[in-house]
Amino acid sequence: MPEISIDKETHIYKVDNIIRPSVSDILGIYFEPCPFWDEPGRTNGKIRHEWYNHLAQGKQADYEPDERISGAVKGFEKFMADVKPEYVSGEVAYYHPALQYCGTPDMVCRLAGRLALVDFKPKSKAKRTRVQTALYYSMLRANGIMVLDRYELRLYDGLYRLDRHEDVNDVRRAETMAAAYTAAQFYK
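Residues numbered from 1 in each chain as written. Predicted model: local features only at pLDDT ≥ 70, side-chain atom pairs only at ≥ 80, totals over all residues. Heavy atoms only, no water.

**So, the sheet that holds strand β4 (residues 86-89)**
Here five strands make up an open sheet; going across it, the order is β4-β7-β8-β9-β10 and the pairing mixed. Edge positions in the sheet fall to β4 and β10 (159-164), since each of these pairs with one other strand and no more. Geometrically, the sheet is characterised by an average inter-axis angle of 35 degrees between neighbouring strands, direction not taken into account. For strand β9 (residues 149-156) and β10, the ladder comprises six bridges, and the chain directions are antiparallel. Note on β10: the bridge partner recorded for Tyr156 is Leu159. (Pairing = 2+ DSSP bridges. Helix = DSSP H or I, 4+ residues; strand = E, 2+ residues; numbered from the N terminus. Axes fitted to C-alpha atoms, helices over the stretch in contact; angles between N-to-C directions.)

Shown next as structure tokens:
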């Protein structure tokens, strides 16, 4: 089993001490950067994800979330109460050995008895998220975690929207994009 490390500040993954591209690196070639992908947005996202991961495991918080994220946290709590996902794992780094990329899926859980991956997002919808969940899907399955479904969970103002990504061709296209990224790096 390869050793995977990630520098939380730079978001650089290493597998057996060799730098490998992330899902975000691959997406960055094909899609415009998300408008919140600046330093305040990354900090906000990190804090939100820490809250979500904590709550997804059934843990309670000892204090209230920062007011900038409190609406999204309330949306996550509503999702947990309504949908009742069975938490399996979250925020674990993986490596796709064939396509040579790394990623950290937000949550793997059972929804309606089916193993699924769920990616947490702010309220705005982006086309890149379907490719992101497809890359996570492929990577998880390459690691023996046989997820069946992919979801995008958008959170805001005490509300949530859970969208299932059902286009099976997303995975084939995402794998082609990852392979093209890796092939192009050979010539740099």
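**Looking at helix α3 (residues 70-83)**
Over its 14 residues, α3 extends 20 Å from the first C-alpha to the last, a length consistent with the 20 Å expected when each residue adds 1.5 Å. Looking one or two residues past α3, Lys84 carries a phi angle of roughly 55 degrees, positive in sign. (Expected span 1.5 Å × (residues − 1).)

**Re the pattern of salt bridges**
Applying the stated criterion across every chain yields a total of 16 salt bridges. Between Arg68 and Asp66 there is a salt bridge, with its nearest N and O atoms 3.0 Å apart. Judged by its relative accessible area of 65%, Arg68 is exposed. Given a relative accessible area of 33%, Asp66 falls into the partly exposed group. A salt bridge links Asp149 to Arg114, with the nearest nitrogen and oxygen atoms 2.7 Å apart. Taken together, the residues span a long stretch of sequence, with Asp149 in strand β9 and Arg114 in strand β8 (residues 114-121) at a distance of 35 residues. Through salt bridges that share partners, Lys125, Glu152, Arg154, Arg161 and Asp163 make up one connected network. (Salt bridge = Lys/Arg side-chain N within 4 Å of Asp/Glu carboxyl O. Buried < 20%, exposed > 50% of the residue type's maximum accessible area, 1.4 Å probe, protein only.)

**What about the side chain of Arg128?**
Along the chain, Arg128 turns up in helix α4 (residues 128-142). For Arg128, which is buried and forms no salt bridge, the nearest opposite charge comes from Glu32, at a distance of 8.4 Å. A polar contact is formed between the side chain of Arg128 and the backbone oxygen of Glu32, at a distance of 3.1 Å. (Lys, Arg positive; Asp, Glu negative; His and termini not counted. Polar contact = N/O pair within 3.5 Å; in protein donor to acceptor, adjacent residues only side chain to side chain.)

**Considerations on the packing of aromatic side chains**
Tallied over the full model, the rule gives seven aromatic pairs. Seen in terms of ring centroids, Tyr52 and Phe76 are 4.8 Å apart; in terms of plane orientation they differ by 20 degrees. Their pairing is stacked. Note that Tyr52 is positioned in helix α2 (residues 39-56) and Phe76 in helix α3, a separation of 24 residues in sequence. For Tyr52, a relative accessible area of 0% translates into the label buried. Judged by centre distance (5.3 Å) and plane angle (80 degrees), the rings of Phe76 and Phe120 are edge-to-face. Taken together, the residues Phe76 in helix α3 and Phe120 in strand β8 connect sequence positions 44 residues apart. For the residue pair Phe76 and Phe120, the accessibility class agrees, reading buried in each case. Aromatic ring contacts, followed pair by pair, group Tyr52, Phe76, Phe79, Phe120 and Tyr160 into a single cluster. (Phe/Tyr/Trp six-rings, centres within 6.5 Å; stacked < 30°, edge-to-face > 60°.)

**A word on helix α1 (residues 23-30)**
Looking only at α1, the buried set comprises Val23, Ile26 and Leu27. Projected onto a plane normal to the axis of α1, the buried residues spread over an arc of 95 degrees and lie on a single side. On the buried face of α1, the contacting elements are β6 (101-103), α4 and α5 (169-185). If you check the start of α1, you find a side-chain oxygen 3.2 Å away from the backbone N of Ser24, and it comes from Ser22. (Arc of directions from axis to C-beta. Contact = heavy atoms within 4.5 Å.)

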